[in-house]
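# Reading the structure
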Amino acid sequence: MFDFFKKFFPDHSLDAIREEVAEINKLEEEVSQLTTEGLKEKSEELKKKLKEEGDVTVERRLAFALAREAAKRTLGQRPFDVQLMGGLVLDKGAVAEMSTGEGKTLSAVAPTYFNALFGHGAHVVTVNDYLARRDVAWMGQVYHALGLSVSCIVPGAAYMYDPAWRIPEGVEGMIDKERDTTGSFLVQQDFLKPISRREAYLANVTYGTNHEFGFDYLRDNLVQSVPDQVQRPPHYAVIDEVDSILIDEARTPLIIAAPDSQSSEYYKTFSRVVSRLQRDEDYTVDEKLKSVRILDSGIEKVEGALSIKNIYTPENLRLVHYLEESLKAHALFRRDKDYVVKNGEILIVDEFTGRLLHGRRYNGGLHQAIEAKENVLVKEESRTYAKI
């Protein structure tokens, strides 16, 4: 891992990070003598100091020492020096690479905690909703021990970490032991208290996916008044799996668009028409380029079904768009491969991870075309069952 750091920082910068870790280690004995309440009081004192302008190097060292002590007490895990180094790199706004199993989740806590102390909120961006909920239930213990609130944003809901939420009477110790054992792979829902989205963003630390943060930003820019917005001005964020989020995920734009009711009727009509066309006879498909081209025989069949002499005349150009998107939906997009249908809603499947992209829609009318296609399939299946 040190070799990777050298790619981003000159030797003297890496030496400076090692020296800072050494200074943090000098504070460990002093911090370890603090009581549980003393840990929170020290965190509160640090928060007040950070409101003063000036060099924050001393405060950062103390913050990292406090975060290490809190993790040691709550999780039973003492962050290694290399994890503190990774945290310092993240605090500088740079990229730190850590292999699976090296403790990335815990490494992000110290810099997130430190930047949350400034009072403007800190975000941790994860790649899926499971990790957002898991990390809040798991790492929430550390932030709570330091007097900070931590929440998570997931599709259609938001939660605040609360150690007393839904804990059965008399088994608190058993649940805490189970959480510390299974925290890395099992979400303990009992510790996640449902709250409003606005409350979640007002927490000191907020976990969530790039999709949720992005769509909330777009929705906030569509509201009529500031009180209706849920987010506050951005301050600091740690991005987990930065290559996936800033490169792979960035290829697909986040778009909010209301479906056109008139267009929906056209898509239903064209979906029924193109479902009768035959591949290679009426249209051709290029799987590699994800494109489809209608042939002359297909055009004739479409014009006949719609009682149109020429679909490519200027007054019918809008119909060509419906035709192309409907044909693309039927020929290129497969249910349970490219998308799934859940509770009547079309959910896109991420081609890289296989995860469901809640709140995402295909653009250019394609999403409506797929919805129309599914409606046609459902009706056809119903008629088949009726005959049987």
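Here's a quick rundown of the structure. (Residues numbered from 1 in each chain as written. Predicted model: local features only at pLDDT ≥ 70, side-chain atom pairs only at ≥ 80, totals over all residues. Heavy atoms only, no water.)

Looking now at the pairing of strand E7 (residues 283-286). Remark: a regular strand shows side chains that alternate across the two faces of the sheet. Alternating positions in E7 separate cleanly, Tyr283 and Val285 being buried on one face and Thr284 and Asp286 remaining unburied on the opposite face. Pairing of E7 with strand E8 (residues 291-294) involves 4 bridges; the strand directions are antiparallel. Each residue of the ladder has a partner; that of Thr284, found in E8, is Arg293. From the end of E7 to the start of E8, which pair antiparallel, there are 4 residues, and Lys290 there has a positive phi angle of about 55°. (Buried < 20%, exposed > 50% of the residue type's maximum accessible area, 1.4 Å probe, protein only. Helix = DSSP H or I, 4+ residues; strand = E, 2+ residues; numbered from the N terminus. Pairing = 2+ DSSP bridges.)

Applying the stated criterion across every chain yields a total of 8 aromatic pairs. Here the aromatic rings of Tyr201 and Phe213 are separated by 6.1 Å at their centres, their planes lie at 55°, and the arrangement is tilted. Placement of Tyr201 in helix H11 (residues 197-202) and of Phe213 in helix H12 (residues 210-220) is noted, with a sequence separation of 12 residues between them. One exposure class covers both Tyr201 and Phe213, and it is buried. Taken together, Tyr266, Tyr267, Phe270 and Tyr322 form an aromatic cluster joined through their ring pairs. Sitting over the face of the ring of Phe333, Lys290 holds its NZ or CZ atom 4.7 Å from the ring centroid. (Phe/Tyr/Trp six-rings, centres within 6.5 Å; stacked < 30°, edge-to-face > 60°. Lys NZ or Arg CZ within 6 Å of the ring centre and 35° of its normal.)

To continue, consider the side chain of Asn204. Within the fold, Asn204 resides in the loop between H11 and strand E5 (205-209). At a separation of 2.8 Å, a polar atom in the side chain of Asn204 contacts the main-chain amide nitrogen of Ser149. Once residues within four sequence positions are removed from consideration, Asn204 is found in contact with Ala116, Gly121, Ala122, Gly147, Leu148, Ser149 and Arg232. (Polar contact = N/O pair within 3.5 Å; in protein donor to acceptor, adjacent residues only side chain to side chain. Contact = heavy atoms within 4.5 Å.)

Here we come to the sheet that holds strand E9 (residues 339-342). Sheet architecture is open: 3 strands sit in the order E9-E10-E11, paired in antiparallel fashion. At either margin of the open sheet sits one strand with a lone partner, and together these are E9 and strand E11 (356-357). Looking at chain direction, strand E10 (residues 345-349) and E11 are connected through 2 bridges and run antiparallel. Across the sheet, Ile348 pairs through a bridge with Leu357, a residue of E11.

Our next topic: the pairing of E9. The pairing of E9 with E10 spans 4 bridges and is classified as antiparallel. Following the sheet pairing, Val341 is matched in E10 by Ile346. Counted between consecutive antiparallel strands, the loop separating E9 from E10 contains 2 residues, among which Asn343 sits at a positive phi close to 55°.

Turning our eyes to something else, we now look at the environment of Asn221. Relative to the helices and strands, Asn221 resides in the loop between H12 and strand E6 (236-239). Within the structure, the side chain of Asn221 is placed 2.7 Å from the backbone oxygen of Tyr217, a separation counted as a polar contact.

All right, on to the pattern of salt bridges then. Applying the stated criterion across every chain, the model contains 24 salt bridges. Asp135 is paired through a salt bridge with Arg134; the nearest N and O atoms lie 2.7 Å apart. Comparing Asp135 with Arg134, the two get one shared label, buried. Ionic pairing is found between Glu265 and Lys268, a salt bridge with its closest N-O pair at 3.5 Å. Here Glu265 pairs with Lys268, and both are found in helix H14 (residues 261-274), just 3 residues apart, close to one helical turn. Each of Glu28, Arg68, Glu69, Lys72, Arg73, Arg78 and Asp81 takes part in salt bridges that share partners, so that together they form one network. (Salt bridge = Lys/Arg side-chain N within 4 Å of Asp/Glu carboxyl O.)

What follows is about the environment of Arg361. By secondary structure assignment, the location of Arg361 is in the loop between E11 and helix H17 (366-387). In this structure the C-alpha to C-alpha distance between Arg361 and Ile346, which are 15 residues apart in sequence, comes to 8.3 Å.

This part covers the packing of helix H5 (residues 57-74) against helix H8 (residues 109-116). Helices that pack against each other are described as a pair by the angle of their axes relative to one another and the distance between those axes. For the pair H5 and H8, the least separation of the axes is 9 Å and the interaxial angle reads 125°. Our classification of the angle between H5 and H8 gives oblique. Here H5 and H8 pass one another in a crossing that is right-handed. Of the residues in H8, those touching H5 at Glu59, Arg60, Ala63, Phe64, Leu66 and Ala67 are Ala110, Pro111, Tyr113 and Phe114. For the contact of H5 with H8, a count of residues per class yields 8 nonpolar, no polar and 2 charged. (Axes fitted to C-alpha atoms, helices over the stretch in contact; angles between N-to-C directions. Parallel < 35°, antiparallel > 145°, perpendicular 65-115°, else oblique. Left-handed = near helix turned anticlockwise from the far one by under 90°. Nonpolar A, V, L, I, M, F, W, Y, C, P; charged D, E, K, R; others polar.)

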